[in-house]
Amino acid sequence: MRDAQVVLELSGHWRLSRLTELSGALRFGDLGPLVSRSWHLDGSRVRSIDTAAALLMMRRLRAAGIDPEAVRLRGFSDSHRRILQVVLDRLGQTDVEQAPGRSAMLASLGRASERGWTRLTSHVSFFGITLAAIARTMRRPSLFRPRETFAQLQQTGTSAIPVVALVMFLIGAVMAYLLGLQAEQYGANIYVVDGVALGTVREFAPLLVATVVAGRSGAAFTAQLGTMKLTEEIDAIRTLGMSAEQVLLLPRVVAIVIALPLLVFVGNVFAMGGAALVCDLMLGITVETFVERLQSSLAVRHYLIGLLKAPVFAMVIAVIGCSMGLTVSRDTRAIGQHTTSTVVQCIVAVVLLDAVFAILFQELGW
């Protein structure tokens with residue numbers, strides 16, 4: 001400190017690798033009357049400096065009440081002086097002011113809404129691309145690729161049967177058990193068959209099977225296509241003059257649209273099997289009585305309504321899964337993020353569509 005001047009002498013290496021050490025050294029505390037004096041930075045002994053260390057120093061000066069732009073530089077080499085000047089010129093741009101809580105919440109809500117709208121429009125656009133690919137294949141059946149379709153059908157349908165059968169068997173058993181606890185109090189055991197049958201074939205089987213398929217096949221579509229995009233296999237397909245939609249998209253869409261109604265049928269059968277087992281053991285309703293009541297109480301239209309939902313759910317799952325896979329950015333982390341997002345989007349979309357179907361069929365009197 002000289003008279004009315006305060007000289008801050010720097011030495012050594014001021015770089016990002018030593019930022020923690022420098023942060024501990026640059027603690028000015030209460031400077032009191034020294035703040036109003038003329039400040040100088042002496043860099044004659046500085047061996048190297050980068051923007052990270054320079055930014056740290058400027059921020060610490062300003063936090064102590066010293067205007068960094070008023071500090072005079074001396075002894076710095078031309079290259080070091082240019083680095084300090086760049087940091088000074090952009091110092092204001094590095095400051096992020098904390099917005100009030102309500103504004104931050106509204107801003108986050110706005111950004112989330114914008115992302116959701118962008119994602120929705122992307123899926124709708126991709127749905128149009130899917131329909132166009134289907135139309136081209138119908139005009140030119142030679143474009144259809146049966147080998148890829150059967151491979152996807154095996155992965156989407158056949159390999160999903162065990163998990164669908166187990167889940168629906170347990171769901172049927174649980175539904176029969178819970179309904180039986182209540183119906184037994186009033187001597188209405190036989191009506192358990194009506195409740196389980198109607199609820200399963202019309203609502204639970206399509207919804208739960210679609211959820212299982214979304215977690216298996218929807219996520220698989222995203223991971224497979226995302227990996228292919230990352231490894232530039234999709235670009236290679238287009239370079240060879242082939243349509244990526246015909247080769248990759250259409251077989252998956254066709255396979256899942258065929259597989260999901262079949263899986264719903266399997267789910268219905270195993271759910272009735274689980275319910276029949278519980279009714280026999282707990283309510284005294286034999287399997288023969290269960291089947292007779294099932295035939296007399298369950299109208300065919302309820303069964304058809306459940307099967308009608310399945311292709312719609314399948315198309316939505318396929319479109320979301322393939323769209324998310326083909327829009328993966330070129331880094332591995334994005335594949336995991338898009339795969340997780342696919343499962344969430346598919347489940348939400350299936351539940352919303354099921355609610356729409358419920359309202360529609362209620363209005364139609366079905």
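Read on for a plain summary of the structure. Computed from a predicted model, the values in this text were never measured in an experiment.

## As for unusual backbone geometry
Phi is positive for E232, close to 65°, though the residue is something other than glycine. Within the fold, E232 resides in the loop between helix 7 (191-230) and helix 8 (233-239). For E232, a relative accessible area of 48% corresponds to the partly exposed category.

## Concerning the sheet that holds strand 3 (residues 72-74)
One open sheet holds the three strands; their spatial order is 1-2-3, and the pairing between them is parallel. The outermost strands of the open sheet, each flanked by one partner alone, are strand 1 (5-14) and strand 3. Between one strand and the next, the sheet's axes are offset by a mean angle of 25°, whatever the strand orientation. As judged from the nine bridges shared by strand 1 and strand 2 (residues 38-49), these two strands associate in the parallel manner. Opposite E9, over in strand 2, you have D42 as the bridge partner. Against the sheet, helix 3 (residues 78-89) engages strand 2 and strand 3, with an angle of about 120° to strand 2.

## Here's the deal with the environment of L8
Structurally, the position occupied by L8 is in strand 1. C-alpha separation for the pair L8 and V278, spaced 270 residues apart in sequence, amounts to 84 Å.

## Looking at the pairing of strand 2
Taken together, the three bridges between strand 2 and strand 3 define a ladder with parallel strand orientation. Paired with L41 across the two strands is L73, which belongs to strand 3. Taken together, strand 2, helix 2 (residues 51-63) and strand 3 constitute a β-α-β crossover, and its handedness is right-handed.

## Structural notes on helix 6 (residues 161-183)
With 23 residues, helix 6 should reach 33 Å at 1.5 Å per residue; the first-to-last C-alpha distance of 32 Å fits that figure. Within the sequence span of helix 6, burial applies to V164, A165, M168, G172, A173, M175, A176, G180 and A183. Elements that come into contact with the buried residues of helix 6 comprise helix 7 and helix 9 (244-283).

## Points about the packing of aromatic side chains
Aromatic rings in a pair are described by how distant their centres are and how their planes are angled relative to each other. What the rule picks out here adds up to two aromatic pairs. The interplanar angle of 20° and the centroid separation of 5.6 Å between the aromatic rings of F357 and F361 together place this pair among those described as stacked. Taken together, the positions of F357 and F361, both in helix 12 (residues 332-364) and four residues apart, correspond to about one turn of that helix. As far as burial versus exposure is concerned, F357 and F361 are alike and both buried. Taken together through their ring pairs, the aromatic side chains of F313, F357 and F361 make up a single cluster.

Analysis parameters
Residues numbered from 1 in each chain as written. Predicted model: local features only at pLDDT ≥ 70, side-chain atom pairs only at ≥ 80, totals over all residues. Heavy atoms only, no water. Helix = DSSP H or I, 4+ residues; strand = E, 2+ residues; numbered from the N terminus. Buried < 20%, exposed > 50% of the residue type's maximum accessible area, 1.4 Å probe, protein only. Pairing = 2+ DSSP bridges. Axes fitted to C-alpha atoms, helices over the stretch in contact; angles between N-to-C directions. Contact = heavy atoms within 4.5 Å. Right-handed = clockwise from strand over helix to strand, strands pointing away. Expected span 1.5 Å × (residues − 1). Phe/Tyr/Trp six-rings, centres within 6.5 Å; stacked < 30°, edge-to-face > 60°.

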